[in-house]
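Chains, contacts and geometry: an overview
Chain by chain, the residues:
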Amino acid sequence: LLKEPEDQGSKWFGEDGKIIALPDPLKTEPTRPPNMLLDEPEPMLETEYRKAWLKEFDGRYIDGSEQIPQHGRYQLDVDVNTLVFTHHSLFSREHVLSAKLNQLYQQYLVRTHKNMANFLTDKLKALKAAAKHLESQEGQGLNPPPTEQSGRLREYKNEIRQTRKLRDAEQQADRNLLKNILKVWRDIKSLRQLQAFTNTAVKLVVRKEETDKENDRVVWEQEVVEEVQEEEEAMEEEYRRQMNRYEALMAEWKKQHKARKQKKKKKKKKEGSQESLQDSLQEESIDHEEGELLPKPEEPQAPDREGLQEKVRQKALQIRRRPGEPILTPEVTNTATITPKQQCPRGEQLRRQDVERLQVFMKVLFNDKEVSRTRPRSLTSDFKVTFGEIFPILIIQWPESIKLQVFERGTLSNTLLAEVYSGIPEAAVTSGNVELEDLEFSSDQRVAFDHEAVGSGVMFSFEEDNSNPLCLLTTGIVSTSVSWGMGDDGTPLVPPVGPTTTTIHSPMLQADPVAAIGATGMVDMEKLANWIEESRLDPNDPSNAALMQHVKNFTGGKNGISRMPDYFRLEQLQEEFNFATDAELEKSKRFRLLKFRSREVPEFRSYPMVPLRDREIPDSIFKDYEKRQREKEEKDVRDDMDAHRKRVARFQSKVKEHVLNRYRMARHQFSLNDMVVEDQVPDIGTLTVTLLKITEPRRPLRPVRKERKKVTAQALSPGDVKILVNIQRAFNMQIRTGGGAGSDGGGGTSSGADSAAGDAHSAVLVRPFVEVTFQRTNQKTSTAEGINPSWNEELQLPLRVPNNDYSPGNLQTVDDTLFINVFDELVIDILEDDRQRGTDIHRRIERHWLGSIRIPFSTIYFQSQIDGTFRVEAPPVLLGYKRGGGGGSEGLDLQMGGNEHTYLPLFITIEPPLTPLEPLKEKFESQEDEKLLFQAEKWQAEIEKRFPKRNISTTVTDINGKSVFVTRFIQSLRPPDELIDSNADSKQNAERVARFVSLIPFISDSTLFAGICDIWSTCDQFLQMLSGDEEEHAVLLCNYFLHMGKKAWVLLGSAVPEGPTAYVLTHESNGDYLLWNPSSGEFFTQHNPFCPMQSVGCLINQDNIWANMQEYDGPMRMSFDTSKEAQWKPFFSRSYPNPGLSSIQPDQLVYLPTDKDYVAELQDRIERKLRDKVMEWRPHSITRWNRYCTQIFRRLLSRLEQSRGRGMADEHRAELEPVLASYKMSGFPMQMPYTEDNPVVEAVFSTGVHQLQGKDVEFALAVHIHPYPNSVLSVWVYVASLVRKR
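Time to look at the overall build of the protein. When helices and strands are counted, the protein shows 29 helices and 38 strands. Residues classed as buried in the protein amount to 41% of the 1286 residues present. Carbon and sulfur atoms make up 50% of the accessible area of the protein, which amounts to about 74,800 Å² in all.

Glancing now at the packing of helix H22 (residues 986–998) against helix H25 (residues 1030–1043). Remark: H22 packs on H25, axes separated minimally by 10 Å, with the N-to-C direction vectors making an angle of 155°. The angle between H22 and H25 falls in the class roughly antiparallel. Where H22 crosses over H25, the two elements pack in a sense that is right-handed. When H22 is examined against H25, the residues Ala-990, Val-993, Ala-994, Phe-996, Val-997 and Ser-998 are found in contact with a partner set consisting of His-1033, Leu-1036, Leu-1037, Tyr-1040 and Phe-1041. A class-by-class count of the residues in the contact of H22 with H25 yields 9 nonpolar, 2 polar and no charged.

What follows concerns the sheet that holds strand E1 (residues 74–87). Strand order in the open sheet made by the 4 strands is E7-E1-E13-E10, with antiparallel pairing throughout. One side of each edge strand has no neighbouring strand; the edge strands of this open sheet are strand E7 (384–395) and strand E10 (437–443). Going across the sheet, the axis of each strand differs from the next one's by a mean of 25°, ignoring polarity. Bridge count between E10 and strand E13 (residues 474–484): 7 bridges; the pairing is antiparallel.

Once that is clear, we can look at the environment of Glu-825. Structurally, the position occupied by Glu-825 is in strand E19 (residues 817–829). Of the residues examined, Glu-825 reaches a relative accessible area of 10% and is grouped as buried. Along the chain, Glu-825 and Arg-847 lie 22 residues apart, while their C-alpha atoms are 4.6 Å from each other. Leave out the neighbours within four places in its chain, and Glu-825 touches Arg-736, Arg-767, Phe-769, Thr-783, Ile-845 and Glu-846.

The next subject is the nonpolar core. Nonpolar side chains in soluble globular proteins generally cluster together in the buried interior. By size, the foremost hydrophobic cluster in this structure holds 69 residues, and its most contacted members are Val-772, Leu-799, Ile-820, Phe-857, Leu-904, Ile-908 and Leu-1170. No other element matches the 7 residues that helix H26 (residues 1156–1177) contributes to this core. In this structure Ile-820 touches Val-770, Glu-771, Val-772, Gly-851, Ser-852, Ile-853, Ile-855, Leu-904, Leu-906 and Ile-908, once residues within four positions along its chain are discounted.

The final tally for this structure, using the stated rule, is 44 salt bridges. Arg-968 is the salt-bridge partner of Glu-928, the closest N and O atoms lying 2.7 Å from each other. Residue Glu-928 is located in the loop between strand E25 (903–911) and helix H21 (930–946), and its partner Arg-968 is located in the loop between strand E27 (963–965) and H22; the two are separated by 40 residues in the primary sequence. The pair Glu-928 / Arg-968 is uniform in exposure class, with both members buried.

Our focus in this paragraph is the side chain of Ser-998. Note on placement: Ser-998 falls in helix H22. Those residues within four positions of Ser-998 in sequence are excluded, and the remaining contacts are His-1033, Pro-1078, Ser-1079, Ser-1080, Gly-1081 and Pro-1233.

The subject of this paragraph is the confidence of the model for the protein. Any residue range with low pLDDT should be treated as having predicted coordinates unsuitable for detailed reading. Per-chain confidence: the protein averages 78 in pLDDT, with 77% of residues scoring 70 or above. Averaged pLDDT values over the elements of the protein bottom out at 36 in strand E24 (residues 893–894) and peak at 93 in strand E33 (residues 1105–1108). Ignoring residues within four places in sequence, the model shows residues 498–510, a span with pLDDT below 50, making 20 contacts including any to other chains. Note on residues 739–762: pLDDT under 50 across the span, and 45 contacts to partners over four residues away in sequence or across chains.

Strands sit in the order E35-E37-E38-E36 across an open sheet of 4 strands; the sheet is mixed. Each edge of the open sheet is held by one strand with a lone partner, namely strand E35 (1184–1185) and strand E36 (1223–1233). Inspection of the sheet shows strand E37 (residues 1257–1268) paired to strand E38 (residues 1272–1284) by 12 bridges, in the antiparallel sense. In the strand pairing of E38, Glu-1258 is matched with Leu-1282. In this fold H22 packs onto E36, E37 and E38, with an angle of close to 85° to the strand it touches most, E38. Along the sheet, helix H27 (residues 1187–1203) contacts E35, E36, E37 and E38; its crossing angle with E37, the most-contacted strand, is approximately 30°.

In this section: the pairing of E13. Counting buried residues in E13 gives 9 out of 11 residues, a clear majority hidden from the surface. Bridge count for E1 against E13 is 10 bridges, and the pairing is antiparallel. Paired with Asp-79 across the two strands is Ser-481, which belongs to E13.

This brings us to the packing of H26 against helix H29 (residues 1237–1247). Following both chains from N to C, one finds H26 and H29 inclined at 45°, their axes separated by 10 Å at the closest point. The orientation of H26 relative to H29 falls into the category oblique. The interaxial crossing formed by H26 with H29 has right-handed handedness. From H26, Leu-1162, Arg-1165, Ile-1166, Lys-1169, Leu-1170, Lys-1173 and Trp-1177 reach across to H29, where they touch Asp-1237, Asn-1238, Val-1240, Val-1241, Val-1244 and Phe-1245. Here the residues of the contact of H26 with H29 are counted per class, giving 8 nonpolar, 1 polar and 4 charged.

Turning to a negative patch on the surface, a few remarks are in order. Side chains of Asp-1155, Asp-1157, Glu-1161 and Asp-1164 sit close together on the surface and give a patch of like negative charge. Inspection of the secondary structure puts Asp-1157 in helix H26. We classify Asp-1157 as exposed; its relative accessible area is 61%.

The next subject is the state of the cysteines. By definition, a disulfide links the sulfur atoms of two cysteine residues through a covalent bond. Tallied over the entire structure, the rule returns 0 disulfides. For Cys-1038, which is in no disulfide, the shortest distance to another cysteine sulfur is to Cys-1019 and amounts to 9.3 Å.

When the terminal C-alpha atoms of H26 are compared, their 31 Å separation across 22 residues agrees well with the 32 Å that a helix rising 1.5 Å per residue should span. By the burial criterion, the buried members of H26 are Tyr-1158, Val-1159, Leu-1162, Gln-1163, Arg-1165, Ile-1166, Glu-1167, Leu-1170, Arg-1171, Val-1174 and Trp-1177. Sitting at the amino-terminal end of H26 is Asp-1155, which places a side-chain oxygen 3.2 Å from the backbone nitrogen of Asp-1157.

Turning our attention to the packing of aromatic side chains. This model, assessed by the stated rule, comprises 29 aromatic pairs. Ring plane angle 10° and centroid distance 6.1 Å describe the contact between Phe-857 and Tyr-861, whose orientation is recorded as stacked. A residue pair is termed a helical-turn pair when its members lie 3 or 4 positions apart in one helix, as Phe-857 and Tyr-861 do in helix H20 (residues 857–863) at 4 residues. Following the ring pairs from residue to residue traces out a cluster consisting of Trp-939, Phe-965, Phe-1131, Phe-1132 and Tyr-1136.

Turning our attention to a positive patch on the surface. On the surface, a cluster of positive charge is made up of Lys-261, Lys-264, Lys-265, Lys-268 and Lys-269. With respect to the helices and strands, the residue Lys-264 is situated in helix H4 (residues 213–269).

Trans is the common state for peptide bonds, and a negative phi is the common state for residues other than glycine. Each neighbour pair has its own omega, and for Glu-911 with Pro-912 the value is -5°, a cis peptide bond. The topology assignment puts Pro-912 in the loop between E25 and H21. One non-glycine residue with positive phi stands out, namely Asp-368, at about 65°. Backbone geometry places Asn-792, a non-glycine residue, at a positive phi of 55°. As for its placement among the helices and strands, Asn-792 is situated in strand E18 (residues 790–798). For Asn-792, a relative accessible area of 57% puts it in the exposed group.

Here is what the cut-offs are and how they apply
Residues numbered from 1 in each chain as written. Predicted model: local features only at pLDDT ≥ 70, side-chain atom pairs only at ≥ 80, totals over all residues. Heavy atoms only, no water. Helix = DSSP H or I, 4+ residues; strand = E, 2+ residues; numbered from the N terminus. Buried < 20%, exposed > 50% of the residue type's maximum accessible area, 1.4 Å probe, protein only. Areas by Shrake-Rupley, 256 points an atom, 1.4 Å probe, with all protein chains shown as cover. Axes fitted to C-alpha atoms, helices over the stretch in contact; angles between N-to-C directions. Parallel < 35°, antiparallel > 145°, perpendicular 65-115°, else oblique. Left-handed = near helix turned anticlockwise from the far one by under 90°. Contact = heavy atoms within 4.5 Å. Nonpolar A, V, L, I, M, F, W, Y, C, P; charged D, E, K, R; others polar. Pairing = 2+ DSSP bridges. Core = buried A, V, L, I, M, F, W, Y, C linked by side-chain atoms within 4.5 Å. Salt bridge = Lys/Arg side-chain N within 4 Å of Asp/Glu carboxyl O. pLDDT = per-residue confidence, 0-100. Patch = residues over 30% accessible without salt bridge, like charges linked within 9 Å, V, L, I, M, F, W, Y side chains within 5 Å. Lys, Arg positive; Asp, Glu negative; His and termini not counted. Charge placed at Lys NZ, Arg CZ, Asp CG, Glu CD. Disulfide = S-S within 2.5 Å. Expected span 1.5 Å × (residues − 1). Polar contact = N/O pair within 3.5 Å; in protein donor to acceptor, adjacent residues only side chain to side chain. Phe/Tyr/Trp six-rings, centres within 6.5 Å; stacked < 30°, edge-to-face > 60°.

Structure below.
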C-alpha cells in the first residue's frame, strides 16, 4: 500500500504509522452490577477451558515449528555497557550547566575534526588562483574561444561567490559556538561562587595563541577588498540582466504601440464606408489575437555602490577573528574538586542522599517478552552507570524487536523511565566485529523535589526572580550493541538465509525467491514460474510487480502459464455473482433510496427505515429532492449575477465539496459510546453528590439556572422543539418628536379637554413593545410605556428543520436568523366628527420600527443558551424620534454618538436542549514540524487545564483540511487605496478600513461546512469567496492595521451574543487599547462597560501567541501589556524560540474594480423588487408612492455612505423641510452588506413598515448601492411612511 502512486496507500495509516481502525469496543471494567441471585450458573453458560492448540507450521518460528527436535541453535548477544543521563530529575542547577557545557564541547570537537572553515578557505584560494590564471591566459593571447572563455570564467566567479558564503557561515558558526562555551563556563563559575560549593568536576581550560597583528590586518583588508569587488561585480551583472530584459520588453511594447497606431489610422481612412460582416469578424479576430495591452516597462535603477565597503566590514567584524585577536582553544577536563557533602547546605545534602539511594537497572525484551535484566546499580556523582553485561539469548523465533527498558528501583515498586529500541543485526554482524552504539532516550514523567534538585518536566530558573524559566525532561544515552553469537568452533549462530533443505512452508521461502530457488533460479524462467505458482504469489501486490513483469510473456511451467492479465480485479468471479445489471440497479427505488441515504443527501440523511420491496416505496418520496435539484439548476443559470459573483459561487461550491469529502471519513468513525447509550452504574461518589445537593441552601429570591439534560434527536417529533426568548426590560428608548408621525394625528379640531379625554396616550413619550420573528413566525410582548419599559415576558417560537430531522448535522444546516424588533405603538384618533367624541371612539393603531437585534440560529444552537444585555441596532437616522427625555425641535433627530443606544437584557434558549455536534478530535495531517505540533499541544493543554473555558487556539484547519500554526495567518497586507485618505488622521482611516471589512458578508463555518470543525481561510480566499466568519474578518482587519503601522493583534475570546469569536486589539499612540468588532466595523475602548467582549482568551500576531493567565478575563478588569509574562504566557520564549515560521498569506492582495453598470442595474432591480413586495404585503389596501420624497431620499442616500450616517442632521432637516411641512413622517435608512436579494427583502419586512393602514397613507422608498473593490457592496435602503397633516 505504501508503494502506491501519489501516496494513495497512506490513507490506510495514521500519523503514528499504525493502520486506522476503530477503538476496541470491549471495556476493561464492568458497567453492570454482578448478578448475586443465582447460586449456581447455568450449565450452558459455564466457561469451558481447552488446551492451547499450536499449528504444525507457524511463521513465527525459524524452523517452521517449536516442536521440531532437530531445529538449529541461533543466538543473539545483547551487550548493555553504560548508561549516562544527560538530564535527570536529581540534577542540580550546576549539573544542568555542566551537561550543556559537555554537549557544546562535543560539538566543538566534531567541528574541529571536520575543519570545514579551513577546507573552504583553501578551496577559495585555489578557485581564485584558477580564475587569475584564466585571466592571465586571456591577456597573453593563449585563451580558447571567447564564448568558452567567458563561460568558464563566469562559472569560476559563481563558485568563488558560493564558496565564500559557505566559508563565512562556517566561521560564524565556529565563533558563535566558542562564545556559547565561554558563556556557559562563566555561568558555572558564577553559580559556584553564589552557592559556595561545587557539585561537578568539570573545568574549562582556554589556551591562547598569539598572532601577528600586522599580517592579520593585511589579510583581513585583502579579504574585504576582494569581497567588495565580488559584490560590485554581482550587482553590475544583475543590472545588466535587468537592462537586457527591459530592452526586450521595451521593444515589444513599441512594436505593439506602433501596430495599434497603424490600425487606428487605417480605421479612420475606412470611416463612413460600408464594411461587410466578414471584414468586421476579421477585425474582431485581430483584436482578440493582440490580447491585452502591454504596460510600458520601467527602466531599472543603477546599482548603489555607496556604503558597500562599510557593510562588508561590519559583516567581517561579526563572523571573523579580528586582526591581532588571539586564537582561543578550549579544553574541558574533569579536574575540579567536588565539595564534600558535610560542607554543603541542607538542601544539597538531601539531594546527594537521594542520588546515593537511587539504583537503576535495565530489562532486555525480545519480541516484547522479557528475557533478562541487569543487576541494580547506583548512580555516580556524574550520573553515569556502568553495567558491562552481555546477555546471550538463544532464539527459536524470528526476531521482530529488541527493546531495552530503563527502570529506577523503588521501595515498593519500580518506575519505568524509558524504552529504547535496538535494530536487528545483519547476518554479517557477530560478536567479534560489532561496535557499541549510542542510543538516546527520553522520559515524559513529571518529578519535583523540595530540595536543590531541579526535577523533570517542571519549571525552574537560574535567576533570583525566577525569570526565564526552563523545563527539562529526563534524557540520557545508552551504549549497547546487538550481534549474532559465535559457537565454540567459531561458527556464527545465524539463522539460514540461503537455500536449505527446510520445508516449503517456511515464510522466508514463500516470500523470497532467492531463498527458495537460489540466485541461478532467478535466471531460469521455468523455475521462476513454477515457484510463483507453488508459492501462490499475489500478482496484484505492488512489491511483486518486478517478478510479474519478468514472467509476463512467458508461456510454460507446469500448467502452461500464459501472459498475466493487464487489468486489476479485486474479485475475479464478480461477474458470475452479479444478480442484477447496473441499469436494473439504477431503476430500483430501494437501491436509489439506500444510495441517497449513504451519501447523506439532506432529504434522506436521517431516513429511519428503508422498505424491503420496491412496491412499498411511494414515487412521491423523491419529489422534494428533484424539486431542489431543479431549483439549484435554475439558480446556477441565473442572469442577475455579475461575472465575479458567478466565479465566487463556483469557487465556494468547489471548496465546500472538497472540504466535505475531506471530513466525511473522519465523521464516520464511531466509538462505543456513540452506538450504545447507557447510564453509568451509581457508585458511592454519585450518591454523595446527590446527598450534598439536598443540604444546599435554597434562595427563592435569587434563583440559579441549572444545566438541563440534553435530548437526542431520536426522542423528538415535529413541533416538540421551541425557541424561548425571555424579554425583561429596556433602557434608554427613543422618544417621539413634535413634527413626526408620533405627534397627534387626529382629524378635525377639538378643545384641549376633549382631546385629553379622547386620547389619553397623547402625553406618553413612547409606548414600546418587542416582536420576535423566526422563520416568518411572529410573537410579541405587551405594550409598555416610558423610556425604560419593563415586560418580563417569555415568548415561544416553533423550530422547523428540514425533513423534521433534529440530528446535530442537520441542525447546523439551518441558516435562519432570529429577529428581535422594537416598535413604538401609536394610538391615532381618526374620529372626524367632534360631536360624536363623547359617545364614539374611532382610533387607528400604528407601529413604528425603532431598531432590531439579529442573532443567527447557529449561535443559539452552539451556545445552548444566551444570557446578556444586547445593544439594539438602530438606523443612523430615525425620522420622528430622538434620543433624550422630553421636548425637542421640530422635524427629526439623529441617533448617533457615544454610548447613546438602547439596550435589551435577554435570555434565549432552546427547549428541550438539543445535543450539539461534538467537534472532531482527530489529528489532521499537517506540514508543520512535529516538534512544533507537540509543543503546541502541550502548551495548550497546560493553559486549558488551568482555564478550561477560555478560547485559546494554536493550530487551526485550513480549507485543505490540514493543521496550520495560527501565526502563519498574520502578515501585513495593503488595503485598497481608495480607503486611505492622506488628509485624514489614522483613526479615521482605520474606521474606513474596518467598515470595508465589515461589508464582506458574514456566514458561519457551521452553516457553510455543516458538521465540520472550524475552517480558516487566507485573505485572498476570503475575498474570493466573499463570505466568512469572525476569524476571517479579524485576520483581514488585523493584517490591514499592520500595514497601516498600527500595533495590532487578533483577539480570541467570547462575546455576546456570538459566543466564541475573534476581535482585533490595537494599541493606539495615546496609550489606549481599542477592541474592534470586525464583523460590524465598530470599536470599543477597553473600559467601555457595554463592550460585547466578555472573556479574553489569547492574543495572536505574526510573531507569537500570548495566553491570558490573569485571574479575570473581562477587558475592563485586566491588563493588555504582553511584556508581563506572569499575566500573558507566550508560546515562543527563550526555552522554545520562534523557528521563523513563514506566512501562508499572499505577498499582496489583488483588488478588482466593480462593474458600475452592474451596480446600477442591481440598484434598480432591488428597488423594484422592494416596491412589489410592499404592495404584495398590503393585499387589502392601496399602496401610494410619494415620488417627491423618494427623490429626496436618493439624494440623501448617496451621501450617507461617505459620512457613514454621521453629522447629517442639518442636511436632512433642510432637505425634508418641504415634506415635513405637509406630512407626518416615520422612516429610516437601513444599511447592510449585499449577498443576494432575499436578505434585503427580509430586513425590510421585519421592520413592519408596510403594516401601517389608512386611506391617506403614502410610502417612499429608495435604494442606493455603493461599490467597493472585489464586488463588495454596501446596500442602503431608505423607507418611510407619510400621513398628510390636517
